[in-house]
Amino acid sequence: MHPFTYVAPRTLDEAVAVLEQHGERARPFAGGTDVLVQLRGGRFDLDAIVDLKGVPEATALDLNGSLRIGAAVPCYRIYEDSAVAAAFPGLIDAASLIGGIQIQSRASLGGNLCNASPSADGICPLIVHSTVAVVQGPQGERRLPVEEFCTAPGANVLGRGELLVALEVPAPEKGFGAAYQRFIPRNEMDIAVAGVASALTLSEDRATIASGRIALAAVGPTPLFAAKASAFLAGKPATPETFAEAGEIASTEAAPIGDMRGTAEHRIELVKVLTRRTLAIALERAQSNR
Amino acid sequence: MTTTADRPAQEFKVVGSRPIRHDGVDKVLGRAQYGADLKLPGLIHGAVLRSPYAHAVIKRVDVSRAEAATGVFAAITGDDMPVTAPKMVDMVEEVTNLKWSSQRVMAHGKAVYRGHPVAAVAAVDQNTALEALKLIEVEYEPLQAVISLEDAMKPDAVIIHDDLEGDHLGEKVSPTNVAEHTRTEFGDPEAAFAEAAHVIERTYTIARAHQGYIEPHSSTAFWSPDDKLTVWTTTQAPFGVRSNVATVLKLPLSDVRVVPMEIGGGFGGKIGLYMEPLAAMLSRKSGRPVKMTMDRKSVFDATGPGPGGQVTAKIGVDKDGKIVAATADIRYMAGAYPGSSISAATAGIFACYKVPNVRIDAYDVVINMSKTAAYRAPGTPQATFASESLISELCETIGMDPMEFHLLNAAEEGTRRPDGPVFPRIGNVACMEAIRDSDHFKSDLGESSDGKLRGRGLATGYWNGGGNRSSVTISVNDDGVVSLVEGNPDIGGTRTTIAMQAAEVFGLPAHDVHPTVVDTDSVGYNDLTAGSRTTYASGQAAIEAAKQVVEEIKKRMAMIWETEPENVEFEASVFQNKVAPDQRLTFKEAAGKLGQTGGPVSKTGTVNVRGSGGGSFAAHLVDVEVDQETGKVQILRYTAAQDAGKAVHPSYVEGQFQGGAAQGIGWALNEEYYTSPDGVMQNSSFLDYRMPTALDLPMIDAIVVEVPNTNHPFGVRGIGETSIVPPAPAVGNAIADAIGTRLYQTPMNPSRIMEALANKRNGKNGH
């Protein structure tokens, strides 16, 4: 391993300055559950890691109707906060699933997003929650929808000197429900063969879907927002038939490869099944969210 | 040899109890010293540069920049290893070509598997060593990698070793990638098939599966200026490492001392040499002790999994379901050098049955992947996946209950095993009956609440077990506690099971025998901890040593009581003068009087246990639930019955049954080397290799069957390996029962189950 410097800035400006100075030879560091493993595995070398855990904006978890998750907030803080857990069960599905207990004590949803793995469990639930990524850089702050954040396997939109500060999740409307499920051959400690997050908002009649969002993991080069399947849901009755059809449409938006984790054909089938299953859970949650 | 077969059951005081293991406290507190825990003054750290290609000519290796780097003490390449001429030698665990044994640990001129060591460095710390590897220049000329049976065996195959002379049914053949073709024949299978009421034949493919021990290999060596070499290593075979290191490095045997470290799992995979000779050569160059520890990726890439391969099996039965003939064609991929346990596969494939007419062909085929190693009942789970899956399908076809089929055809005492030996008293039928009488067998499968499919599978398995050479020394302390010195690294609780057998002779509590595993200079020769032999054979050495101690103490007591030694009896831990019965001393009291009666008592028991370990049979029953929408299989319930002869420590016996079942379930469901066409393993991490975790397994019920082994004074059988034999076919049979179609390939992972279900919908079957 190439020797690197550990930097622990106290402010966003300091963090941006260090990152700008080193460019690609530095990376922000939260839990380190991806970066350290990749460094040790020789995937890349760094001159500096920039620990964000001393930066207040990156470590705050604020619930005020909407939810702001600092980029370095570990998963356990999200699911152990009972108010957050009650309001965002669709996010908890992912936060309580990533790695195991030890990993969840370190790993952050922000890090999960920046790592930009196609199979990330954390990103699809953020997408269906219409989450906005808050980015700080030398030119100041910019904001973008999370579905635009990842650009390729392991690559994201962050430019020189930029870092992810926080994730802003809008307050759930009345009648909103979301869920995430992944398929793994084992029962723990595994990477998704495919994953689906679904969200829907019920109309006043509580039987019709006003709007819906579906996002797919591990079936494309990045986590995918399934635009057609999402659009399809609007105005449809919240029934198993609708969910099954949404699954069929979502499967046409998936572009999986076959690899050691599963065949492309299997992944297509899983998108259909998991879309149905997550929409059913989202509906249950929507119905109890009055 | 004492026999127990015709005597009433023996009564035991210690054997059969469940004392806390002697090494338990050290392990629980983290004090046990595993390979990588070793610290020595002046210790430096080695690292290995491994070939990125599965097959390549190495045109040039230049380590000069690495050697010159700050903090680097030494670098070696194939040129630094002693030159070894081609010569067949007995390397304890295998008969092999000496040149290959040397080349396997360090490539010389050619890399023949991905991960093949090409150079190594030693530096002040591990990171410096790893960075120095980047300074080594290697010029490769990649060759086409041979990674399938088909490519290796075709007429115009790329040849991996020009100097491999194949033995094909006794004929010498060269060039070839088929190192060996053997045939076992008895009776006239073709004639019997012609008259059979029903004949079934299928071909099965089995994936390579790694032993998956948690502790990676770690070896340390110090080459002293007087040319004496000490090796500290994590191994199942300290004496094997001693002779193999001496052979490869051209040192006199007794100039090598091997210190076995505590071992974090082996399962057969820690028998051969890996880094020991490299650490030795780096130490020789640097004058320092050198430690080398693999990372997980290297363990997967460059150490032996069990072989994968292809098995075609055929069985014919008469109208009553009685087997009239069976044949098999077994083809195993040995990896880059020959030696893939085809003989054990031949012995095991039909061992559970009476087969009057049989022919078994077996092929040992080299391919461009790491040399396979022993893995728990080597070669047998693969072959048994074929035979037990085939029998399940046969039973389905002829409408016969598998339990009935097994009991009708089961091998028993006097049955000729298909490859020749005649079974002594065995527990094959007893295990099947234990399953038949189990609560699990009698209970129904239950219904899944959410439309998932359930199924039940049954399979049997066999492993012969070994005997061979062991040496144990027992010394009596003044306080009546005895120390027991042994040479078998403890991988299954064998310190305790060996100590308990000595304790039984003395009538002492298990904890009054203190067992220690020592280095090769400190105990007589011991064969390796493998082959289910340690409790069985080293236990006999301990019994032998204990008996000698008792005889010696009888002489001492005779001196004190002024009588003849034959007048002194020893029973229930008491020495007594049968002429003057009030003259009696307990073992502990007697121990305090040894100093005055001739000095310390210390005795060595040595054995060379010939022939069979008695054979341990097993029957496994499993319930599964299959999600037909995702292909996921959940193991709902699992029961393993196996013959232990006499369980010395029942908890460890149960643990072996459970551990083997857990590993076999891994083979069945998810474990495989997922390899690119150029021979590079894609899933070389525990994350993607997918061994079962605790959450993937139910509590495995273990039924300990005890049919005494006539070859052991207490009736003990070696039991460590059989438990991995039945699980893959048992799980496969359960899946077939659940989904109504069959898979002919391991692993039966979710993608393959979905494919099988799709084929079934389209009216296709998988064979």
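Remember, predicted model here, so these are calculated numbers, not experimental data.

Novice: Any chance you could explain the overall build of chain B here in plain terms?
Specialist: Along chain B, the regular secondary structure elements total 21 helices and 30 strands. Computed over its C-alpha atoms, the radius of gyration of chain B comes to 27 Å, within 12% of the 27 Å expected for a compact globule of 767 residues. When the 767 residues of chain B are sorted by exposure, 62% land in the buried category. Taking the contacts inside chain B whose residues are at least 6 apart along the sequence as the reference set, 79% of them involve residues at least 24 apart. Counting only carbon and sulfur atoms, one obtains 49% of the accessible surface of chain B, whose full area is about 27800 Å².

Novice: What is the right way to read the packing of aromatic side chains from this model?
Specialist: For any pair of aromatic rings, the description consists of the separation of the ring centres together with the inter-plane angle of the planes. Taken as a whole and judged by the stated rule, the model has 19 aromatic pairs over all chains. Ring centres of Y673(B) and Y689(B) lie 6.3 Å apart, and the angle between their planes is 80 degrees; this geometry places the pair in the edge-to-face category. One end of the pair, Y673(B), is in the loop between helix 18 (650-669) and helix 19 (686-689); the other, Y689(B), is in helix 19, and 16 residues separate them in sequence. Here Y673(B) matches Y689(B) in class, with each residue buried. One aromatic cluster is present, built from ring pairs that chain together F300(B), Y673(B), F686(B) and Y689(B). When the ring centre of F44(A) is taken as reference, the NZ or CZ atom of R27(A) above it lies at 4.0 Å. A cation over an aromatic ring shows up here: R21(B) above the ring of Y652(B), its NZ or CZ 5.1 Å from the ring centre.

Novice: How should the side chain of D93(A) be read in this particular structure?
Specialist: All names here are of chain A. Looking at the secondary structure, you find D93 in helix 6 (residues 89-95). Given the relative accessible area of 17%, D93 is considered buried. Apart from the residues within four sequence positions on either side, D93 is in contact with A178, A179, Y180 and R285.

Novice: Help me understand the domain arrangement of chain B, please; the structure alone is not making it clear to me.
Specialist: Residue and element names in this part refer to chain B. The domains assigned to chain B are domain 1 (24-32 + 468-608), domain 2 (38-144 + 215-297) and domain 3 (309-465 + 612-761). On a C-alpha basis, the centres of domain 2 and domain 3 stand 36 Å from each other. Of the roughly 1500 Å² buried between domain 2 and domain 3, counting both surfaces, carbon and sulfur atoms make up 61%. Across the domain 2-domain 3 interface, the total number found is six residue pairs in polar contact (both at pLDDT 80 or more). Of all the secondary structure elements, the ones that give two or more residues to the side of domain 2 that touches domain 3 are helix 3 (98-105) and helix 9 (296-302).

Novice: How should the environment of E486(B) be read in this particular structure?
Specialist: Residues and elements named next belong to chain B. Turning to its location among the elements, E486 is positioned in strand 22 (residues 482-486). The exposure class assigned to E486 is buried, which follows from its relative accessible area of 1%. When sequence neighbours within four positions are dropped, the list of residues in contact with E486 reads S471, V472, T494, R495, I498, P515, T516, V517, V518 and V523.

Novice: Please clarify how the pairing of strand 7 (residues 117-123) of chain B should be interpreted in this entry.
Specialist: Along any regular strand the residues' side chains alternate between the sheet's two faces. All names here are of chain B. Most of strand 7 is tucked away, with seven of its seven residues classed as buried. Pairing of strand 3 (residues 72-77) with strand 7, which is carried by five bridges, proceeds in the antiparallel orientation. By the bridge assignment, T77 is partnered in strand 7 with A119.

Novice: I'm lost on the interface of chain A and chain B in this one. Help?
Specialist: Reports often express the size of an interface as the amount of accessible area lost when the parts come together. In this complex, chain A contributes 25 residues to the contact, which on the side of chain B involves 24 residues. Buried surface at the junction of chain A and chain B, summed over both partners, amounts to about 2200 Å²; 47% is from carbon and sulfur atoms. Of all residues in chain A, the largest losses of buried area upon contact with chain B belong to R186(A), N187(A) and M260(A), amounting jointly to 32% of the total for that side. At the boundary of chain A and chain B, one finds five salt bridges. Put simply, D627(B) and R277(A) hold a salt bridge, and the shortest N to O gap is 2.9 Å.

Conventions used here
Residues numbered from 1 in each chain as written. Chains lettered and ligands numbered in written order. Predicted model: local features only at pLDDT ≥ 70, side-chain atom pairs only at ≥ 80, totals over all residues. Heavy atoms only, no water. Helix = DSSP H or I, 4+ residues; strand = E, 2+ residues; numbered from the N terminus. Rg over C-alpha atoms; globule rule 2.2 N^0.38 Å. Buried < 20%, exposed > 50% of the residue type's maximum accessible area, 1.4 Å probe, protein only. Contact = heavy atoms within 4.5 Å. Areas by Shrake-Rupley, 256 points an atom, 1.4 Å probe, with all protein chains shown as cover. Phe/Tyr/Trp six-rings, centres within 6.5 Å; stacked < 30°, edge-to-face > 60°. Lys NZ or Arg CZ within 6 Å of the ring centre and 35° of its normal. Domains from an automatic or database assignment. Buried area = accessible area lost by both parts, 1.4 Å probe. Polar contact = N/O pair within 3.5 Å; in protein donor to acceptor, adjacent residues only side chain to side chain. Pairing = 2+ DSSP bridges. Salt bridge = Lys/Arg side-chain N within 4 Å of Asp/Glu carboxyl O.

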